[in-house]
Amino acid sequence: ALKGTDKIVLVKNPVNPDLALWLGAVERLHTSNIDKLGVIHRGFSTYEKTGYRNNPEWQIPIDLQNQFPEMARAALKLARGEQGVAEGENSVLTFLKTQLGVRSLNAKEGASADAVLSRAQAAVDVDDFEMALSEIAALSSAGQGALQEWSLVVTLRLQVLAALQEFSSALTGN
């Protein structure tokens, strides 16, 4: 019913704290050519008595940030396979890095997939998701593909935050 709509579609988190379920709903809508997607975090139901109607469980949105390193390793492996040995790098060392999933954890200069992902990780570490997305855009198509789900959710998060800021400004008249 919503396929191809140009309306904003917001996806509320599931009743149970399941990040994969939430991401799956967003992904299904996105593959139906719905470009204006957002997510709403309203907490999760619980049998325990809490001070909230729905327990916020902030760990779920935090998990989004924590998923990046694992996904970055997968993206780096694919990008290395697609790009081959970087100029000036030893082929045996590159093979070992790929097999062991070794990647730079400190931001470094350069255009290699490892350098790009190291800068993206540094941006994620300081909650600069716009910069992380900008860095990811410089990866090969295989590298970007490995981070597609993460990038989609982060993009949606940024859109929701921008919309909330706009809404807040409209309410306060600023």
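Quick caveat, the model's predicted, so the values are computed rather than measured.

Caption draft 1: Up close: the overall build of the protein. The secondary structure content of the protein amounts to eight helices and two strands. Counting helices and strands in the order they occur from the N terminus, the protein gives β-α-β-α-α-α-α-α-α-α. Relative to its 174 residues, the protein shows a buried fraction of 34%. Sequence-distant contacts in the protein: of pairs separated by 6 or more residues, those separated by 24 or more amount to 58%. As displayed, the protein has an accessible area near 10900 Å², and 54% of this comes from carbon and sulfur atoms.

Caption draft 2: Structural context of the nonpolar core. Among the nonpolar cores identified, the biggest contains 19 residues, and Leu117, Ile136, Leu139, Leu147 and Trp150 are the most heavily contacted of them. Listed by contribution, the elements that provide at least two residues to this core are helix 3 (68–83), helix 5 (113–125), helix 6 (129–136) and helix 8 (148–172). Counting residues per element, this core draws most heavily on helix 5, at six residues.

Caption draft 3: Just the packing of helix 1 (residues 19–30) against helix 8, in detail. Look at helix 1 against helix 8: their axes get within 11 Å of each other, and the N-to-C directions meet at 90 degrees. By the criterion of interaxial angle, the relationship of helix 1 to helix 8 is roughly perpendicular. Together, Leu23, Val26, Glu27 and His30 of helix 1 and Glu149, Leu152, Val153 and Leu156 of helix 8 make up the contact between the two elements. Of the residues in the contact of helix 1 with helix 8, the class split is five nonpolar, one polar and two charged.

Analysis parameters
- Residues numbered from 1 in each chain as written.
- Predicted model: local features only at pLDDT ≥ 70, side-chain atom pairs only at ≥ 80, totals over all residues.
- Heavy atoms only, no water.
- Helix = DSSP H or I, 4+ residues; strand = E, 2+ residues; numbered from the N terminus.
- Buried < 20%, exposed > 50% of the residue type's maximum accessible area, 1.4 Å probe, protein only.
- Contact = heavy atoms within 4.5 Å.
- Areas by Shrake-Rupley, 256 points an atom, 1.4 Å probe, with all protein chains shown as cover.
- Core = buried A, V, L, I, M, F, W, Y, C linked by side-chain atoms within 4.5 Å.
- Axes fitted to C-alpha atoms, helices over the stretch in contact; angles between N-to-C directions.
- Parallel < 35°, antiparallel > 145°, perpendicular 65-115°, else oblique.
- Nonpolar A, V, L, I, M, F, W, Y, C, P; charged D, E, K, R; others polar.

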